[in-house]
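Examining the three-dimensional arrangement
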Amino acid sequence: MISKKLQEAINKQINNEFYSEYLYLSMAAYFDAENLDGIAHFFYVQTKEENVHAMKLFRFLIEKGGRVKLHAIDAPKSEFKSVIEPFEMSLKHEQHISKCIDDLMDTAIKENDHGVISFLKWFVDEQVEEEATAEKLLYKVKLVKGEGQGLLMLNNELAGYTPKKTGAEEKA
Ligand code: FEO
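These numbers were taken from a predicted model, which means no experiment stands behind them. (Residues numbered from 1 in each chain as written. Predicted model: local features only at pLDDT ≥ 70, side-chain atom pairs only at ≥ 80, totals over all residues. Heavy atoms only, no water.)

Considerations on the pattern of salt bridges
Taken as a whole and assessed by the stated rule, the structure comprises five salt bridges. Here E85 ties to K77 by a salt bridge, and the two come within 3.5 Å at their closest N and O atoms. According to the relative accessible area criterion, E85 is buried, its value standing at 10%. Taken together, the shared-partner salt bridges in this structure form one network comprising K77, K81 and E85. (Salt bridge = Lys/Arg side-chain N within 4 Å of Asp/Glu carboxyl O. Buried < 20%, exposed > 50% of the residue type's maximum accessible area, 1.4 Å probe, protein only.)

Here's what the structure looks like:
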């Protein structure tokens, strides 16, 4: 069983995660078109991760006896003024998602639903990592001013990117 309030809040977060998937897919398409396939690869990986996040919430809500309600997904930005902009947006977006997860956790605490509280702890930890990754990449792309050999080196570095396994992904 799950309260209506928590059900609504989880459905909202499912939408946030699908929007994240869309946003990173749009960034991947941009870098792919710019022939920066290593950076594109990083964003394709992020896209898949966001789908995993959305589906974790989706399945959990059903397991809790709730109803999934899918909302419309907003269109993400598809043109960027420089290669730095997607990295800036990515960090800002992850900070926003962390706040959404915190708010969701606050609701679960208010509703005294320990099953949801326990489940959400994975997302709290995941967000720490998501923000750290986005922050590091923004630092690097700014360091090379988003151009030249430095950018190509970053592109090569990201071509081999694999997300760190936290253990929870394997179960998703
Ligand atoms: Fe699902 Fe990147 O937060």
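Past the structure itself, the notes keep going.
Observations regarding the packing of aromatic side chains
Within the structure shown, the criterion is met by eleven aromatic pairs. Each ring, one from Y30 and one from F80, has its centre 4.9 Å from the other, and the planes form 65°; the classification is edge-to-face. In this pair, Y30 sits in helix α1 (residues 4-33) while F80 sits in the loop between α2 (37-63) and α3 (84-110), placing the two residues 50 residues apart along the sequence. No difference in accessibility class separates Y30 from F80, as the two residues are buried. With centroids separated by 5.0 Å and ring planes inclined at 80°, the aromatic side chains of F42 and F43 adopt a geometry described as edge-to-face. In this structure F43 comes out as buried when scored by relative accessible area, which is 0%. Site record: aromatic cluster; members linked through ring pairs are Y24, Y30, F31, F42, F43, F80, F87 and Y161. (Phe/Tyr/Trp six-rings, centres within 6.5 Å; stacked < 30°, edge-to-face > 60°. Helix = DSSP H or I, 4+ residues; strand = E, 2+ residues; numbered from the N terminus.)

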